[in-house]
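One letter stands for each residue in the lines below.
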Amino acid sequence: MRRAIRGGDETAPPRQNGVPGGKGDGRAAERGDAAAAGADDDEAGCSPAEMQDEDNDPARRREIRSKYRDLINSVQQNREDMLSPTNNKLTDVLEEANKLFAEVRQAREAALDAQLLVLATDLGKEKASQLHAEGSAFDPSAFAEHLLSFMGLNRLEDEDEEEEGGGVSSGYLPQDAWQRVATRAQCCFRTAPSFHYMMGSFLAELPPPRQRVERQRKVPGREAKRIMPTQLRRMEESHQEATEKEVERILGYLQGYFNDDPTSPISYYEFVIDPTSFSRSVENIFHTSFLVRDGVARMYLDHDKLPCIAPVEEGEVEAGGTSSRQQCVISISPKSWKSLHTT
Amino acid sequence: MSQRKRASNTQSSQNKGVRSQRWEAVLGDDEDDPSFTQPSTSQVQKGLDRLTPAQVDLKTAEVVQFIFVKDQKKFPIRRADIVKHVVKEYRNIYPEIIKRVGCVFETVFGLKLVEIDSKNHVYILINKLEQLEGESLNMSPSNPKTGLLFVILSIVFMKGGVVKESMVWNTLKKLRVDQGERHEIFGDVKKVVTDEFVRQRYLEYVRIPHTEPLEFEFRWGQRADMEVSKVKLLEFIGQLHEQDPQSWTQQYREATAPPAAPAVVTSANTSASVSQR
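Because the structure is a prediction, the values reported are computed rather than measured. Residue positions are given per chain, counting from 1 as you read along its sequence in written order. Each chain gets a letter, beginning with A, and each ligand a number, beginning with 1, in the order they are written. Reporting in this predicted model follows two pLDDT cut-offs: at least 70 for local features of residues, and 80 or more for side-chain atom pairs to be given and counted; totals over whole chains, interfaces and linings ignore these cut-offs and use all residues. The side-chain quantities take in all heavy atoms of the structure and omit both hydrogens and water.

## Quick word on the sheet that holds strand S4 (residues 163-164) of chain B
Residue and element names in this part refer to chain B.
Alright, step 1. Across the sheet, which stays open at both edges, the 3 strands sit in the order S4-S8-S7 with antiparallel pairing between neighbours. Edge strands, defined here as strands with exactly one partner in the open sheet, are S4 and strand S7 (203-207).
Alright, step 2. Between any two strands, at least two bridges found by DSSP are needed for them to pair. What counts as a helix is a DSSP run of H or I of at least four residues, what counts as a strand is a run of E of at least two, and both are numbered from the N terminus. Where S4 meets strand S8 (residues 216-220), 2 bridges bridge the pair, whose relative direction is antiparallel. Counted as the bridge partner of Val 163 is Phe 218 from S8.
Alright, step 3. Helix H7 (residues 144-158) contacts S4, S7 and S8 of the sheet and is inclined by roughly 95 degrees relative to S8. Throughout, a residue-residue contact means that at least one pair of heavy atoms, one from each residue, lies within 4.5 Å. All axes here are fitted lines through C-alpha atoms, helices being fitted over the stretch that makes contact, and every angle between N-to-C directions spans 0 to 180 degrees.

Now the structure itself:
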């Protein structure tokens, strides 16, 4: 068949009449090669004249090509329709193509035939995949309908008209429709959580102060706000107060006990240990140490070498603390705490 | 391969001692990988000996933080970026660093660092733990794009793993999502689906050869393969259709098949892969 296409073919000049100019054919030759190889090879050169004439009839060739193009178009346009398992349209198309193919003589028509074949087989494959013998088929349209219901679609009451093929369900879809799907679908994904800072991301500098602004004392609220991570400022203050209050309270107790019985020494451990709570005991030791540091209480060892604590007399409190300072470290662990409060 | 040629270059420069300036001269632009050759185990050991444990730990922590920030958008992280921006002069001990990074992610955060492309050396972070139904990961409302992604992944999965893009768009149209119009939630849907999801490796958007006019098909991407539980997907679909998930026998079989081993960055496999390179 290639010989028929090449321009300077000396064995079949009459055939050239029927074949239009080269450019279309070059491409057709490549695509049609495989198909053309099967077509009438024995026609090359020496066939009876009558048969040549009929085959060369350009009108006939055009007719065949146009029929092929019609078939191709119909397959492309009605794809969805042909896919439906309820009809045999695809088979009809193939039969039509078969009939046409009997009259194909040249590569150009054969190329169209090949194109049709590609489309048809593609469709055939799709149809076959629908026919999975086991398990139920999956219909994306039905899937879409179910999804819409899940999303909370409010279908309108009066839906008289038939939905067009592939038409859209009418109704009102709520705002959070996709949100609902996402929330439910979320658990199918093992996504790593996205990283973000907990309390804001950066400290921006105050914009440079503008001199032209009023010189009066500005209310703090009018200053440009700093973008800062939420500062835990207030927490600290309360913490500060709490300590001082506690220390005062402890001092109160100490003085109280002392006043009750000024002569008998107050055992340190008896003072600070809370039999019910270890952490409380530690707090007490902590607060008592402030008293000692500030010079309002003093610790000493009694004749049994056990530590005792007593408030410093009013007159003895020395400003500036010129008395000799001594330091000691007291440690306590839950075990020793237990043994202490049981004795 | 150009990698081997480079190896001989860097080897000789390495033997002169860790001279990062020399390396900068030899290695060109590290946009693509040939500039970074995986050092051998002996080189790694030598490198480690020169550094204090504290330095190595600090570098490890920096890489962990870098990966976290890079992962926010869910685009894969390239090894070249890690080396260029964080590891820098420590690149001779890169395999050791990345191994430790993988361990940190697993043991401290419960996440997996997976190399999804061993040719281009690209990593993603996924969660080791399953998410329970009803609980959200970080207490914030879920991103509606997850819903969109779910729909597409479901269609592809239920249709055997490959689907022509026309089928996806037709189905989405029924859900009021049209690639031609601007969607009020998703915006430019076509871009989200064919660009964002593809870059995040949730989907693959592949050209079908020999089609005229040009047609594309969708497949699951590498991130989807790792992150998505097909069983859970099928459960939700079954719930929607009010059908038993097992009624789709083929898909059910695929969903319950044992998963292929991912290239997770752990001590088990990085040492092996180093010697192979």
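## A word on the pattern of salt bridges
Where side chains of opposite charge bring their charged atoms close, a pairing between them can arise.
Alright, step 1. What counts as a salt bridge is simple: a side-chain nitrogen of Lys or Arg found within 4 Å of a carboxyl oxygen of Asp or Glu. Counted under the stated rule, the structure contains 26 salt bridges over all chains.
Alright, step 2. As a salt-bridge pair, Arg 60 of chain A and Glu 103 of chain A come within 1.9 Å of each other at their nearest N and O atoms. With Arg 60 of chain A in helix H5 (residues 58-77) and Glu 103 of chain A in the loop between helix H7 (89-101) and helix H8 (107-130), the pair connects residues that are 43 residues apart, well separated along the chain.
Alright, step 3. Between buried and exposed lies partly exposed: a residue is buried under 20% and exposed over 50% of the maximum accessible area for its type, with that area taken using a 1.4 Å probe on protein chains only. For Arg 60 of chain A, a relative accessible area of 22% gives the class partly exposed.
Alright, step 4. One salt bridge in this structure joins Lys 99 of chain B and Glu 96 of chain B, with 3.4 Å as the shortest N-O distance. Here the residue Lys 99 of chain B and the residue Glu 96 of chain B both occupy positions in helix H6 (residues 94-109), the gap between them amounting to 3 residues, near one helical turn.
Alright, step 5. You can call Lys 99 of chain B partly exposed: its relative accessible area is 21%.
Alright, step 6. A residue is classified by how much of its surface remains accessible, and Glu 96 of chain B, at 13% relative accessible area, is buried.

## Quick notes on the confidence of the model for chain A
Residue and element names in this part refer to chain A.
Alright, step 1. In this model, chain A carries a mean pLDDT of 71, and residues with pLDDT of at least 70 account for 62%.
Alright, step 2. In predicted models, pLDDT denotes the confidence assigned by the predictor to each residue on a 0 to 100 scale. Below a pLDDT of 50 lies the segment residues 1-47, which in the model reaches 46 contacts outside its immediate sequence neighbourhood of four places, other chains included.
Alright, step 3. Predicted confidence is poor over residues 158-167, with pLDDT under 50, and the contacts of this stretch with residues over four places away or in other chains come to 4 contacts.

## Side note on unusual backbone geometry
All names here are of chain B.
Alright, step 1. At Arg 176, a position not held by glycine, the phi torsion is positive, near 70 degrees.
Alright, step 2. Relative to the elements of secondary structure, Arg 176 occurs in the loop between helix H8 (165-174) and strand S5 (182-183).
Alright, step 3. A positive phi angle is found at Glu 242, which is not glycine, with a value near 55 degrees.
Alright, step 4. As for its placement among the helices and strands, Glu 242 is situated in the loop between helix H11 (230-241) and helix H12 (249-256).
Alright, step 5. With relative accessibility at 73%, the residue Glu 242 sits in the exposed group.

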